[in-house]
Amino acid sequence: MSMPLESVPFSELLRQPAETAERLARTRALRLRRRDAADLVLMSADRAEAEGEVVDLTARLLASLVRRDPGLVREALPTVLPWVRFLTPEDAKQMADEFIATAEAAAAVGNTAALSQLLTEWRHTAEIHADPDLYRVLATPSADDFGPVPRPVGE
């Protein structure tokens, strides 16, 4: 699913909507590049529905298999997501359990954003475990109060 998308400027869609949309007959989707905002993806509704069905089926199938053999996902994750190897055994088990539950729930509501967020969070946890100096700094208790945290720009 992570195949690169054909990329076009958003202005091309505005200037030549029919020609730009016609490109969808030759590609899975178009990435519409924008200067001052996040890029957009344009795809046919049929394609989006088909991909949604596949995601839903895959999540439900995975959940069904895991209910029969909970160790299945735990064994497979390091092969699919190599960074899982940096997690402690306890964290890897917790990550697998959360992944299964979140995938099933995400499929039920038709929105994978929570699953993507979960993977990002666990990948960052693995990055911390992979760097002994960073892990030491973050794992060392601190008695200091570092003061208020400034509000992020754009919030």
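Check the entry above for the structure.
Everything numeric here is computed off the predicted structure, so don't read it as measured data. (Residues numbered from 1 in each chain as written. Predicted model: local features only at pLDDT ≥ 70, side-chain atom pairs only at ≥ 80, totals over all residues. Heavy atoms only, no water.)

**Student:** Please give an account of the packing of helix H4 (residues 71-80) against helix H5 (residues 89-109) that cites residues and values.
**Tutor:** Packing of H4 against H5 leaves a shortest axis separation of 9 Å and a crossing angle of 105°. On the basis of their axis angle, the class for H4 and H5 is roughly perpendicular. Contact residues: Val73, Arg74 and Leu77 in H4; Lys93, Met95, Ala96, Asp97 and Ile100 in H5. (Axes fitted to C-alpha atoms, helices over the stretch in contact; angles between N-to-C directions. Helix = DSSP H or I, 4+ residues; strand = E, 2+ residues; numbered from the N terminus. Parallel < 35°, antiparallel > 145°, perpendicular 65-115°, else oblique. Contact = heavy atoms within 4.5 Å.)

**Student:** Summarise the side chain of Glu12; cite the residues concerned and give the values.
**Tutor:** Inspection of the secondary structure assignment puts Glu12 in helix H1 (residues 10-15). You can call Glu12 buried: its relative accessible area is 15%. Those residues within four positions of Glu12 in sequence are excluded, and the remaining contacts are Pro17, Thr20 and Arg23. (Buried < 20%, exposed > 50% of the residue type's maximum accessible area, 1.4 Å probe, protein only.)

**Student:** Any chance you could break down H5 for me, citing the residues and the numbers?
**Tutor:** With 21 residues, H5 extends 30 Å between its outermost C-alpha atoms, agreeing within 8% with the 30 Å of an ideal straight helix rising 1.5 Å per residue. Looking at H5, one finds that the buried residues are Asp91, Met95, Ala96, Phe99, Ile100, Thr102, Ala103, Ala106 and Ala107. Buried residues along H5 sit in contact with helix H3 (45-68), H4 and helix H6 (113-130). (Expected span 1.5 Å × (residues − 1).)

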